[in-house]
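Examination of the molecular architecture
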Amino acid sequence: QVQLVESGGGLVQAGGSLRLSCAASGNIFSINAMAWHRQAPGKERELVAVRHSSGTIYYTDAMKGRFTIPRGTAKNLLYLEMNSLKPEDTAMYYCAAQRESDYGFPYWGQGTQVTVSS
């Protein structure tokens, strides 16, 4: 089992920045990938970015340029640096983890709320 805890959300003005954190515990050695997703009110959850254990990081096209997962962090830690935030970035941001044997992301944190005011 893997447990995930996110932090770092909050209220920020448009154009501002935030850094989200996710800490994994439990069977962290089995983790193959960790990812950030977000869900805005009334919308479906969407993928933000994925970091594989190989070091490869994938960003969805909409997140490229403004959102960054820093490299070189410990395997059980995942950060998301968000810059030039827009009101449409307002959402609950979730950390998720996947083991090599998993299909999809079966492990999820409770989420951290990001609200961007105009």
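This section reports on the structure supplied with the text. Note that residues are indexed from 1 along each chain, following the sequence as it is written. Local features in this predicted model are restricted to residues whose pLDDT is 70 or higher, and side-chain atom pairs enter the listing and the counts only when it is 80 or higher, whereas totals over whole chains, interfaces and linings include all residues. In computing side-chain values, all of the structure's heavy atoms are included and hydrogens and water are not.

**Topic: the environment of threonine 56**
Helix and strand assignments come from DSSP, with helices taken as H or I runs of at least 4 residues and strands as E runs of at least 2, each series counted from the N terminus. By the element assignment, threonine 56 lies in the loop between strand E5 (46–52) and strand E6 (57–59). The partly exposed category is assigned to threonine 56, whose relative accessible area is 46%. Considering only alpha carbons, one finds threonine 56 and alanine 33, 23 residues apart in sequence, at a separation of 9.5 Å. Setting aside anything within four residues of it in sequence, one finds threonine 56 in contact with Val50 and Arg51. Among the polar contacts listed, one links the side chain of threonine 56 to the side chain of serine 54, at a separation of 3.2 Å. Only protein chains enter the calculation, and the probe is 1.4 Å; a residue is then buried if its accessible area is under 20% of its type maximum, exposed if over 50%, and partly exposed in between. Whether two residues are in contact is decided by their heavy atoms, any of which lying within 4.5 Å being enough. What qualifies as a polar contact is a pair of N or O atoms within 3.5 Å, subject to a donor-acceptor requirement within protein and to the restriction that residues adjacent in sequence count only when both atoms come from side chains.

**Thoughts on the packing of aromatic side chains**
Centre distance within 6.5 Å is the pairing criterion for rings of Phe, Tyr and Trp, where only the six-membered ring of Trp is used; planes under 30 degrees apart are then read as stacked, over 60 as edge-to-face, and the remainder as tilted. Scanning the entire structure with this criterion turns up 1 aromatic pair. Of note, arginine 19 hangs over the ring of tyrosine 79, and the distance from its end group to the ring centre comes to 4.0 Å. The criterion for a charge sitting over a ring is simple: Lys NZ or Arg CZ within 6 Å of the ring centre, and within 35 degrees of the ring normal. It is arginine 45 that lies over the ring of tryptophan 108; its NZ or CZ is 4.0 Å from the centre.

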